[in-house]
Amino acid sequence: LQMIKTQPFFGWGYGNYRKYAQQFQVRTHNHVVSYAHASHNSYIAIAAEMGLPALALFLFPAWWWLMLTRKVWRRIPQQGFWSRALLVILWMVILDHLVVNFFSDMQHSTYGMGMWWVTLGLIANMVEGYLRSSDMELPAWLRRAALS
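Cut-off values and rules
Residues numbered from 1 in each chain as written. Predicted model: local features only at pLDDT ≥ 70, side-chain atom pairs only at ≥ 80, totals over all residues. Heavy atoms only, no water. Core = buried A, V, L, I, M, F, W, Y, C linked by side-chain atoms within 4.5 Å. Buried < 20%, exposed > 50% of the residue type's maximum accessible area, 1.4 Å probe, protein only. Helix = DSSP H or I, 4+ residues; strand = E, 2+ residues; numbered from the N terminus. Contact = heavy atoms within 4.5 Å. Axes fitted to C-alpha atoms, helices over the stretch in contact; angles between N-to-C directions. Parallel < 35°, antiparallel > 145°, perpendicular 65-115°, else oblique. 1 Å grid on protein atoms, 1.4 Å probe; cavity = no way out; pocket = protein on both sides within 12 Å on 5 of 7 lines; lining within 4 Å. Points joined across faces, edges and corners; volume = space filled by probe spheres on them. Nonpolar A, V, L, I, M, F, W, Y, C, P; charged D, E, K, R; others polar. Phe/Tyr/Trp six-rings, centres within 6.5 Å; stacked < 30°, edge-to-face > 60°. Patch = residues over 30% accessible without salt bridge, like charges linked within 9 Å, V, L, I, M, F, W, Y side chains within 5 Å. Areas by Shrake-Rupley, 256 points an atom, 1.4 Å probe, with all protein chains shown as cover. Salt bridge = Lys/Arg side-chain N within 4 Å of Asp/Glu carboxyl O. Expected span 1.5 Å × (residues − 1). Left-handed = near helix turned anticlockwise from the far one by under 90°.

A.B. asks: Even after reading the chapter, I still don't get the nonpolar core, so can you show me in this structure?
C.D. replies: Core analysis: the largest hydrophobic core is formed by 24 residues, its most contacted members being W65, L87, W91, I123 and V127. Elements with a contribution of two residues or more to this core: α3 (42-50), α4 (52-72), α5 (84-103) and α6 (110-128). Take this core: its biggest share by element is seven residues, from α6. For L87, the contacting residues outside a window of four places in its chain are T69, W73, I76, I123, M126 and V127.

A.B. asks: So what exactly am I meant to see when it comes to the packing of α3 against α4 here?
C.D. replies: Helix-helix packing is described using two parameters, namely the angle between the two axes and the distance between the axes. Relative to each other, α3 and α4 sit at 135°, their axes nearing to 6 Å. Here α3 is positioned oblique relative to α4, judged by the angle of their axes. The residues of α4 that touch α3, namely those facing Y43, I46, A47 and M50, are L52, A54, L55, F58 and L59.

A.B. asks: Would you mind showing me how to read the layout of surface pockets here?
C.D. replies: Using a probe with the size of a water molecule, rolled over the atoms, empty space left in the structure can be pinpointed. Computed from the structure, the second largest pocket encloses a volume of approximately 210 Å³. Taken together, W63, W64, M67, L68, K71, D135, M136, E137, L138, P139 and W141 make up the lining of the second largest pocket. The element contributing the most residues to the lining of the second largest pocket is α4, with five residues. Among the residues forming the lining of the second largest pocket, the class breakdown is eight nonpolar, no polar and three charged.

A.B. asks: Just to check I follow, could you spell out the packing of aromatic side chains for this structure?
C.D. replies: Two measures describe an aromatic ring pair: the distance that separates the ring centres and the angle between the ring planes. Enumeration over the complete set of coordinates arrives at six aromatic pairs. Measuring from centroid to centroid gives 5.7 Å for F60 and W63, while their planes differ by 40°, and the two rings are tilted. Within this pair, F60 and its partner W63 are both found in helix α4, separated by three residues, close to a single helical turn. Taking the relative accessible area as the measure of exposure, W63 reaches 46% and is therefore partly exposed.

A.B. asks: I keep staring at a nonpolar patch on the surface and nothing clicks. Help me out?
C.D. replies: Together, V88, M92, L95, V99, F102 and F103 make up an exposed nonpolar region whose accessible area comes to about 610 Å². As for its position among the elements, F103 is in helix α5.

A.B. asks: When you look at the side chain of T119 in this model, what are you seeing that I'm missing?
C.D. replies: In this fold, T119 is placed in helix α6. With residues near it in sequence (within four places) discarded, T119 still touches L90, V93 and I94.

A.B. asks: What am I meant to see in α5 here?
C.D. replies: For an α-helix the count is 3.6 residues per turn, leaving residues at separations of three or four pointing the same way. The end-to-end C-alpha distance of α5, which contains 20 residues, comes to 29 Å, matching closely the 28 Å that a straight helix rising 1.5 Å per residue would cover. Among all positions in α5, only R84, L86, L87, L90, W91, I94, H97 and N101 are buried.

A.B. asks: Even after reading the chapter, I still don't get the packing of α4 against α5, so can you show me in this structure?
C.D. replies: Where α4 contacts α5, the two axes come as close as 12 Å, and the packing angle between them is 150°. By the angle between their axes, α4 is roughly antiparallel relative to α5. The interaxial crossing formed by α4 with α5 has left-handed handedness. Of the residues in α5, those in contact with L59, A62, W65, L66 and T69 of α4 are L87, W91 and L98. The residue inventory of the contact of α4 with α5, partitioned by class, reads seven nonpolar, one polar and no charged.

Here is the structure:
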């Protein structure tokens, strides 16, 4: 977290977490870590290496499709293969990744990150079929701001 606090916008550079982590290491209850440094948190690693804007860009697609899922929820069939149950299962996979990434640095895991993006892609494919043009309109406050 100290690395993020020191370089919040641009971070320390991709893949440089281990290179710079030692200078932010502090003694805790007379314990000193003597092994290779890892954040053990994907979000901390992304923010430390590439900055908070990169973390926001990483999480934005999940937030975007969650908001669109809420808009189309009632239009999705309750039964069948492409149903609400499948969509809930896909969102549970995303929730699983969110929780696991708090305790593991999955940033360099091809399988972990691949599953994240494939699952978001499946959610996007499913939700996109039930979107209406009115679902994609700008909010009223943003339209007013654009006109002023």
